[in-house]
Amino acid sequence: MQKVERKIHRKRKYRRAILMAAALALLAGGVISAAVLGRPAEKPQRQEDHGGLLTDRNAAELISVTVARRGEEPWTLIRAEDGTLQPEGGGDWNAETQSAEMLTEAVTQLRYEDILSEDSSVYAENPADFGLAEPRVTVTARYTDGTVTTVHVGNDTGLEEGWYYMTAEGDGRLYALSSAIAEDLDVEFALLHPVAKPEIYAALLDRITVKDREGSILAEWALQGKITDRDAASNWAVTVPFSYPADEEAIQNLKKSAENIRLGAYTAPADGEKTAEYGLAEPRLEIIFHMAAGSTGTVGETGIYDIQEHGERTVTLLIGNARDELSDYVRYADEIFTVSHFTLSVFTEPDPMGTTARYPVLTPLASLESLTEEANGEIREYVLRDAERTEENQEKRREVLLNGEPVSWETFEAAYDRLLTVTFSGTLPRETVWEKPYKKYTFRTLSGGTHTVELCGWDGVHDAVTVDGSTLFYLIKGGMTELPRAADR
């Protein structure tokens, strides 16, 4: 989980003097703070403002910083020649900039809010009372002059704004540390690792595949043509576990979900030991996004439309064990991350049937080149073409011919629009038997594609409908609306 962004903490002004004055006034009036009464008697009381800097160094003086969080293994970042922080002992990456800067400032400009006691025996006798027997976090900073500073951050003091107890090795005093700086020191190693974003572009996707643990395909959707086809959006199909045209809106949502995948926190490198630990040696699912070569465009900060060319590529995500109820371990490239269930659920719980087209006519009018209707031995062929421009009409328009004779474009357009709204009446039961087709429509597109719709008698009231060779749904008889039956005279 990413930390909420906030400003890096600089040296504070002396606002505490106002707070101290108010506190002294209350004490003078005989008012006793409930917070003071609530603290254990052996814990020290804040006497006066001793806020200041425990360390005051330039960032360039820092050689390394080691962080040991409560209950976790310690880790170390080393400062490289270019000033970036890198993990010790391997890992070809630089710590995420903002988190690294906050950690660097926290150890080089380490400000405490108060000195609660000059006497180490106050906390040394019962360190557990202060959270110092097992500190919340221990941080060790090493500097270019050979000095080393190690601090231990304990529990909340119960004082001002969530202060925390802090001690420094070689220094017997007990300090109060602000919650903000305590958070900067108590940073998760995973949050320092930069998180890549899988480069998945909805406009370039032409196939999405989901495989199970054995490598068998559970679900697959594929574009039936090229991404540059004008009817590409409406020309997808479910190819596994059955073959059937896909719903345009469902595919758009599927592609958008793919483009919006974000990796969560970095977990570990994808080496042999870690892949087994997180269930990725034999992943339970494999999700493959294939993209065709093409271009994408975005508007930059200057307002210029920037076009980028991309080659054919594939992005693969391997899904391992569940981390908890909200996220899974996912391998991307050579690293393991956590990813939310919600982000991946449309792929990890695929529903091919739910993405099928529920209407028989798939071709938008703008993409239609011709339509042939065959029934009772009669063939009607509607051919669409661009009309010639005349001196009276210079606008580009289309016209339609029925068996070579002109038909009113407005009449055909209205009839075709009604045909596009026809939806299936229901899903055919298993083991359904239907008759041979008695009517067939053939749609040819401007991009060279072909779609067929066949009506087959089923139960006397409904027709089984075969679309592009696949039969899943039925339609009430007469459900396909009529096209113009005769040419204009």
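As the structure is a computational prediction, the values presented were derived from the model and not from experiment.

Right, let's get into empty space enclosed by the protein. Summed over all chains, the structure comprises 2 cavities of 30 Å³ or more. Taken as a whole, the second largest cavity encloses approximately 40 Å³ of empty space. If you trace the second largest cavity, you find it lined by Thr55, Val107, Leu110, Val139, Ala141, Tyr143, Thr149 and Val151. Residue assignment for the lining of the second largest cavity shows that the elements contributing at least two residues are strand E7 (137–143) and strand E8 (148–156). Here the lining of the second largest cavity gets 3 residues from one element, more than from any other, and that element is E7. Residues of the lining of the second largest cavity, tallied by class, amount to 6 nonpolar, 2 polar and no charged.

Between Val240 and the following residue, Pro241, the backbone shows a cis peptide bond with an omega angle of 10°. Positionally, Pro241 belongs in the loop between strand E13 (236–240) and strand E14 (244–245). Its identity is not glycine, yet Ala333 carries a phi of approximately 60°, on the positive side. Residue position: Ala333 is located in the loop between strand E20 (327–332) and strand E21 (335–340). The exposure class assigned to Ala333 is exposed, which follows from its relative accessible area of 53%.

Turning our eyes to something else, we now look at the confidence of the model for the protein chain. Scored by pLDDT, the protein chain has a mean of 87; 86% of the residues are at 70 or more. Taken as a whole, residues 1–41 scores under 50 in pLDDT and shows 47 contacts with residues more than four places along the chain or in a different chain.

Working note: regular strand, side chains alternate between the two faces of the sheet. Here strand E22 (residues 368–375) pairs with strand E23 (residues 378–386) via 6 bridges, running antiparallel. Bridge pairing in E23 places Thr372 opposite Glu381. Connecting E22 to the next strand, E23, in antiparallel fashion are 2 residues, including Asn376 with a positive phi near 55°. Pairing of E23 with strand E24 (residues 398–402) involves 5 bridges; the strand directions are antiparallel. Along E24, the bridge assignment pairs Tyr382 with Leu402.

Take the side chain of Asp186 next. Structurally, Asp186 can be placed in the loop between helix H5 (179–185) and helix H6 (189–192). Classification of Asp186 as buried rests on a relative accessible area of 15%. Not counting chain neighbours up to four residues away, the residues in contact with Asp186 comprise Arg69, Arg136 and Val137.

Side-chain pairing between opposite charges can occur once the charged atoms of the two side chains come close. Enumeration according to the criterion identifies 18 salt bridges in this entry. We note a salt bridge from Arg331 to Asp334, for which the minimum N-O separation is 3.5 Å. A relative accessible area of 21% means that Arg331 is categorised as partly exposed. Measuring nitrogen to oxygen at the nearest pair gives 3.5 Å for the salt bridge that ties Glu373 to Lys439. On the criterion of sequence distance, the pair formed by Glu373 in strand E22 and Lys439 in strand E27 (residues 437–445) is long-range, its members being 66 residues apart. Each of the two residues, Glu373 as well as Lys439, counts as buried. Each of Arg69, Glu72, Arg136 and Asp186 takes part in salt bridges that share partners, so that together they form one network.

Among the nonpolar cores identified, the biggest contains 32 residues, and Ile200, Leu205, Trp221, Phe289, Leu317 and Phe347 are the most heavily contacted of them. Sequence-distant contacts of Leu205, defined by excluding residues within four places in its chain, comprise Ile200, Ile227, Trp236, Lys255, Ala258, Phe289, His290 and Met291. Counting 31 residues, the second largest nonpolar core, distinct from the first, contains Val67, Ala100, Met166 and Ala182.

This next bit is on the environment of Val67. Among the secondary structure elements, Val67 is positioned in strand E2 (residues 62–69). For the pair Val67 and Glu188, spaced 121 residues apart in sequence, the C-alpha separation works out to 9.0 Å. The residues touching Val67, leaving out its near neighbours within four places in the chain, are Glu73, Pro74, Trp75, Val137, Thr138, Val139, Leu185 and Val187.

Along the chain, Arg70 falls in the loop between E2 and strand E3 (75–79). The exposure class assigned to Arg70 is partly exposed, which follows from its relative accessible area of 40%. For the pair formed by Arg70 and Asp186, sequence separation is 116 residues and the distance between their alpha carbons is 9.1 Å. When residues no more than four places from it in sequence are discounted, the contact partners of Arg70 are Gly131, Glu134, Pro135, Arg136 and Asn155. At 3.4 Å, the side chain of Arg70 and the backbone oxygen of Pro135 are in polar contact.

Thresholds, definitions, all that
- Residues numbered from 1 in each chain as written.
- Predicted model: local features only at pLDDT ≥ 70, side-chain atom pairs only at ≥ 80, totals over all residues.
- Heavy atoms only, no water.
- 1 Å grid on protein atoms, 1.4 Å probe; cavity = no way out; pocket = protein on both sides within 12 Å on 5 of 7 lines; lining within 4 Å.
- Points joined across faces, edges and corners; volume = space filled by probe spheres on them.
- Helix = DSSP H or I, 4+ residues; strand = E, 2+ residues; numbered from the N terminus.
- Nonpolar A, V, L, I, M, F, W, Y, C, P; charged D, E, K, R; others polar.
- Buried < 20%, exposed > 50% of the residue type's maximum accessible area, 1.4 Å probe, protein only.
- pLDDT = per-residue confidence, 0-100.
- Contact = heavy atoms within 4.5 Å.
- Pairing = 2+ DSSP bridges.
- Salt bridge = Lys/Arg side-chain N within 4 Å of Asp/Glu carboxyl O.
- Core = buried A, V, L, I, M, F, W, Y, C linked by side-chain atoms within 4.5 Å.
- Polar contact = N/O pair within 3.5 Å; in protein donor to acceptor, adjacent residues only side chain to side chain.

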